[in-house]
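Residues per chain are reported as follows:
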Amino acid sequence: MTRHNGTHALAMRFILSAGLAFICHGAIAAPLDAGVPSPTPPPVQRVTRTDSPAELARHITALHTAPFKDTAGQPFRFDSLKGKIVWVNQWAHWCAPCVAEFRVMRQVQKQVGADKLEIVLVSRPRDWEKDQAYVKEHDLPWRQVVLDLPPGTSRDLYADVSMNPPEQTAIGTAFPMSTFLGRDGEGLRFDRHPIPVTQGGDPQNPHDVDILVRTLTEWAVRARG
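None of the values given here were measured: they were computed from a predicted structure.

Peer 1: How should I be thinking about the pattern of salt bridges in this particular structure?
Peer 2: Pairing between side chains becomes possible if they bear opposite charge and their charged atoms approach one another. The final tally for this structure, using the stated rule, is 7 salt bridges. With a closest N to O distance of 3.8 Å, aspartate 115 and lysine 116 form a salt bridge. We classify aspartate 115 as partly exposed; its relative accessible area is 48%. Taken together, the shared-partner salt bridges in this structure form one network comprising Lys84, Glu118 and Arg143.

Peer 1: Help me understand empty space enclosed by the protein in this model?
Peer 2: A probe matching the size of a water molecule, rolled over the atoms, marks out where space remains unfilled. As enumerated under the stated definition, the model contains 2 cavities of 30 Å³ or more in all. Considering only enclosed or pocket space, the second largest cavity measures out at about 30 Å³ in volume. Lining the second largest cavity we find His64, Phe78, Leu81, Lys82, Val86, Leu181, Gly182 and Gly185. When grouped by side-chain class, the residues that make up the lining of the second largest cavity number 4 nonpolar, 3 polar and 1 charged.

Peer 1: Looking at this model, I keep getting lost on helix H2 (residues 53-65). Mind explaining?
Peer 2: Every α-helix carries 3.6 residues per turn, so stepping three or four residues along brings you back to the same face. Between its terminal C-alpha atoms H2 stretches 18 Å, which fits the 18 Å expected from 13 residues at 1.5 Å a residue. Listed in full, the buried residues belonging to H2 are Leu56, His59, Ile60, Ala62, Leu63 and His64.

Peer 1: How should I be thinking about helix H5 (residues 128-137) in this particular structure?
Peer 2: Within the span of H5, buried status applies to Trp128, Asp131, Tyr134 and Val135. Relative to the axis of H5, the buried residues are bounded by an arc of 120° and lie together on one face. Away from its buried face by more than 90 degrees, H5 exposes Glu129, Lys130, Lys136 and Glu137. Immediately downstream of H5, the backbone of aspartate 139 shows phi near 55°, a positive value.

Peer 1: Would you explain the sheet that holds strand E5 (residues 143-147) in this entry?
Peer 2: Within a beta sheet, neighbouring strands are joined by backbone hydrogen bonds and run either parallel or antiparallel to one another. Strand order in the open sheet formed by 7 strands is E2-E1-E5-E4-E3-E6-E7, with mixed pairing between adjacent strands. The two strands at the open ends of the sheet, each matched to only one other strand, are strand E2 (75-76) and strand E7 (187-191). Bridge analysis of strand E1 (residues 68-70) against E2 gives 2 bridges, and the strand direction is antiparallel. Paired with lysine 69 across the strands is proline 75, a residue of E2. H2 contacts E1, strand E3 (85-90), strand E6 (177-181) and E7 of the sheet and is inclined by roughly 100° relative to E7. Contacts from helix H4 (residues 102-112) reach E3 and strand E4 (117-123), with the element oriented near 155° to E4.

Calculation notes
- The residue numbering used here restarts from 1 in each chain and proceeds along that chain's sequence as written.
- Residue-level local features of this predicted model are given only where pLDDT is at least 70; pairs of side-chain atoms are given and counted only at 80 or more, and the full residue set underlies all totals for whole chains, interfaces and linings.
- Remark: hydrogens and water are excluded; side-chain values derive from all non-hydrogen atoms of the structure.
- Should a side-chain nitrogen of Lys or Arg be within 4 Å of a carboxyl oxygen of Asp or Glu, the pair is scored as a salt bridge.
- Categorising residues by exposure relies on relative accessible area from a 1.4 Å probe, with only protein chains included: less than 20% of the type maximum marks a residue as buried, more than 50% marks it as exposed, and the intermediate range marks it as partly exposed.
- The method works on a 1 Å grid over the protein atoms by themselves. A cavity is a set of points holding a 1.4 Å probe that cannot get out, a pocket is an open set with protein on both sides within 12 Å along at least five of seven lines, and residues with an atom within 4 Å of a point line them.
- Grid points are joined across faces, edges and corners, and a volume is the space filled by probe spheres set on the points.
- Following the grouping adopted for this structure description, the nonpolar residues are Ala, Val, Leu, Ile, Met, Phe, Trp, Tyr, Cys and Pro, the charged ones are Asp, Glu, Lys and Arg, and the polar ones are all others, Gly among them.
- By definition, any uninterrupted DSSP run of H or I lasting at least four residues is a helix, any uninterrupted run of E lasting at least two residues is a strand, and each is numbered from the N terminus.
- Residue count minus one, scaled by 1.5 Å, sets the expected span of a helix.
- Directions drawn from the helix axis to the C-beta atoms are what define this arc.
- Following DSSP output, two strands are said to pair if at least two bridges run between them.
- Here a residue-residue contact requires only that any non-hydrogen atoms of the pair lie within 4.5 Å.
- To obtain each axis, a line is fitted to C-alpha atoms, and for helices this fit is confined to the stretch in contact; angles are then taken between N-to-C directions over 0 to 180 degrees.

And the structure:
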């Protein structure tokens, strides 16, 4: 009986020791695992499109009435481009998401046809000179214009053109933004990222390119009809 009790006690000590070791191992391992940071996923662009006809109308009116000038210092109006679908791209040389879109913009224009799709880059006055230098350095083939307003004036109009939210106090920070005008100058839609791209400029989803090309081509054909 004594021997049996002694064997039983020894077995219980072994079980308790093993269990305690398992618990301690888990207690030690858990904080180590918890302390390993998970990989940070790359930023993802998402299409941001207005669903408000009133906002789109306000923005299109501003584009058609605001004073712009071109690289020669001559007045420019978007009405002068009637007859084509126009991709108006508001950007800045320092805006990484803006310049990342240029590769796919070239691709879309090539597939739609430059005779059907005109791309216009719109700068802010404060970025104008450096934006022009960037365009020249990177051989961008598109028309450049700048909002021809002295700093600190026409705040409401500037906000309309840049489509900043009403509650946003800063002006001209809605970059990048793309507006699509029809052949008669009507507003078709505006997006923050018509084709979300990676940091390297490749489309996150190649099907997005096909969809935009097909949409722009249909707009051009429908306008002709």
